[in-house]
Amino acid sequence: MTRPILASIDLQALKQNLTITRQAAPDARVWSVVKANAYGHGIERVWNALGTTDGFAMLNLEEAITLRERGWKGPILMLEGFFHAEDLTVYDNYRLTTCVHSNWQLKALQNARLKAPLDVYLKVNSGMNRLGFMPERVHTVWQQLRAISNVGEMTLMSHFAEAENPQGIVEPMRRIEQAAEGLDCPRSLANSAATLWHPEAHFDWVRPGIVLYGASPSGQWQDIANTGLKPVMTLRSEIIAVQNLRPGEAIGYGGLYRTTQEQRIGIVACGYADGYPRVAPSGTPVLVDGVRTTTVGRVSMDMLAVDLTPCPQAGIGAPVELWGKEIKIDD
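Conventions used here
Residues numbered from 1 in each chain as written. Predicted model: local features only at pLDDT ≥ 70, side-chain atom pairs only at ≥ 80, totals over all residues. Heavy atoms only, no water. Helix = DSSP H or I, 4+ residues; strand = E, 2+ residues; numbered from the N terminus. Buried < 20%, exposed > 50% of the residue type's maximum accessible area, 1.4 Å probe, protein only. Contact = heavy atoms within 4.5 Å. Areas by Shrake-Rupley, 256 points an atom, 1.4 Å probe, with all protein chains shown as cover. Arc of directions from axis to C-beta. Core = buried A, V, L, I, M, F, W, Y, C linked by side-chain atoms within 4.5 Å. Pairing = 2+ DSSP bridges. Axes fitted to C-alpha atoms, helices over the stretch in contact; angles between N-to-C directions. Phe/Tyr/Trp six-rings, centres within 6.5 Å; stacked < 30°, edge-to-face > 60°.

## Quick word on the overall build of the protein chain
Next, step 1: Helices and strands together make up the secondary structure of the protein chain, namely 9 helices and 17 strands.
Next, step 2: Along the three orthogonal principal directions, the C-alpha set of the protein chain runs to about 75 × 40 × 35 Å.
Next, step 3: When burial is assessed residue by residue, the protein chain has 50% of its 331 residues classed as buried.
Next, step 4: For the protein chain, the share of sequence-separated contacts (at least 6 apart) that also reach a separation of at least 24 residues comes to 60%.
Next, step 5: Element-wise, carbon and sulfur atoms account for 49% of the exposed surface of the protein chain, whose accessible area totals about 15600 Å².

## Observations concerning helix H6 (residues 103-111)
Next, step 1: Within H6, burial applies to Gln 105, Leu 106, Ala 108 and Leu 109. With its buried residues spanning 165 degrees around the axis, H6 presents them on a single face. Structural note: H6 exposes Lys 107, Gln 110 and Asn 111 on the side pointing more than 90 degrees away from its buried face.

## Here's the deal with the nonpolar core
Next, step 1: Ranked by size, the top nonpolar core spans 63 residues in total, and within it Met 58, Leu 145 and Phe 160 carry the most contacts.
Next, step 2: In this structure Phe 160 touches Met 128, Ile 169, Pro 172, Met 173, Ile 176, Leu 189, Ala 190, Asn 191, Ala 194 and Ala 201, once residues within four positions along its chain are discounted.
Next, step 3: Judged by nonpolar contacts, the second largest core, of 20 residues, contains Cys 270, Leu 308, Leu 322 and Trp 323.

## Quick word on the sheet that holds strand E8 (residues 187-190)
Next, step 1: With respect to topology, 8 strands assemble into a closed barrel ordered E2-E3-E4-E5-E6-E7-E8-E9, the strand pairing being parallel.
Next, step 2: Examined bridge by bridge, strand E2 (residues 29-33) and strand E9 (residues 205-206) share 2 bridges and lie parallel to one another. Paired with Val 30 across the two strands is Val 206, which belongs to E9.
Next, step 3: Of the strands in this sheet, strand E5 (97-100), strand E6 (118-123) and strand E7 (151-157) are in contact with H6, which crosses E5 at around 140 degrees.
Next, step 4: Sheet strands touched by helix H8 (residues 170-180): E7 and E8. Its angle to E8, the strand with the most contacts, is close to 170 degrees.

## Thoughts on the packing of aromatic side chains
Next, step 1: For the coordinates displayed, the defined rule picks out 7 aromatic pairs.
Next, step 2: Judged by centre distance (4.7 Å) and plane angle (25 degrees), the rings of Tyr 39 and Tyr 213 are stacked. Of the two residues, Tyr 39 sits in helix H2 (residues 35-39) while Tyr 213 sits in the loop between E9 and strand E10 (233-245), which places them 174 residues apart along the sequence.
Next, step 3: For Tyr 39, a relative accessible area of 29% gives the class partly exposed.
Next, step 4: Between the aromatic rings of Phe 82 and Trp 104, the centroid separation amounts to 5.3 Å while the plane-to-plane angle is 85 degrees, which identifies the pairing as edge-to-face. On the criterion of sequence distance, the pair formed by Phe 82 in the loop between strand E4 (76-78) and helix H5 (87-94) and Trp 104 in helix H6 is long-range, its members being 22 residues apart.
Next, step 5: You can call Phe 82 buried: its relative accessible area is 1%.
Next, step 6: Here the aromatic residues Trp 31, Tyr 121 and Trp 205 are joined through ring pairs into a cluster of three or more.

The analysis is restricted to geometry; functional conclusions fall outside its scope.
Structure, rendered in structure tokens:
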């Protein structure tokens, strides 16, 4: 690749992050969440580094098939379940565990012709109001599923909207307990934040996602800075041009940034087409030639501008870290 931009993946950091996650929930099994192509890291590149996990959780059927074809024989949980009744044939062939969150899925499971029962995660809406049955319906739906011959082992599942807050799971847990009353069943409730900070929600299976990749579920790096978790991806590029500007000159589309004094600006080969957020404002941190500085102006499709004032030695070809070991993705 001639353009000087590279995303590198630290597989050892990924392994370490899984180990740390296990230590946070030592009595639970772990679903490693690899949805969205392993959070953009590339599921085919990273799944082996997570090979000590108890199972993988994801969204896309194609990615589940990829894991099976690469040799993963353990459990695979489809977090949004099947999207069409005919998908169940593929779920059957590849032995996938499905989430069930809607009435139509009950009928589809009942009518399917499967070689063997599928394990099911029954989703409880504990207040996030995305997927799942209301707590007062869960007992009835559980019994309906239990009566379907195509259903194997069953687990109660939910998701937390505010687990990064100390009191963020109190009301959701009350709703889940209401739903689970009278049911003797395994549970999978804890996302990344609950895995780290709410041991009372660990139960049988935890589902860490973003923490595996070394980012904080709260969006604040300082919240995980002392955990030992490490960034897995580093995005690097180079300065490809330098502009020496007078006071009052505009930079980038829309002229959102104007110089107030003479200023040296570096142009970096990286933009929103490369995955850098277009909405990142002026002042977003970046590392240029080992020195921390900031972006200026609007991010373009394939370029962005940085302030070279703190690093006067930097010129064309100077290395740039957009995020990674020094510039945390949360920042």
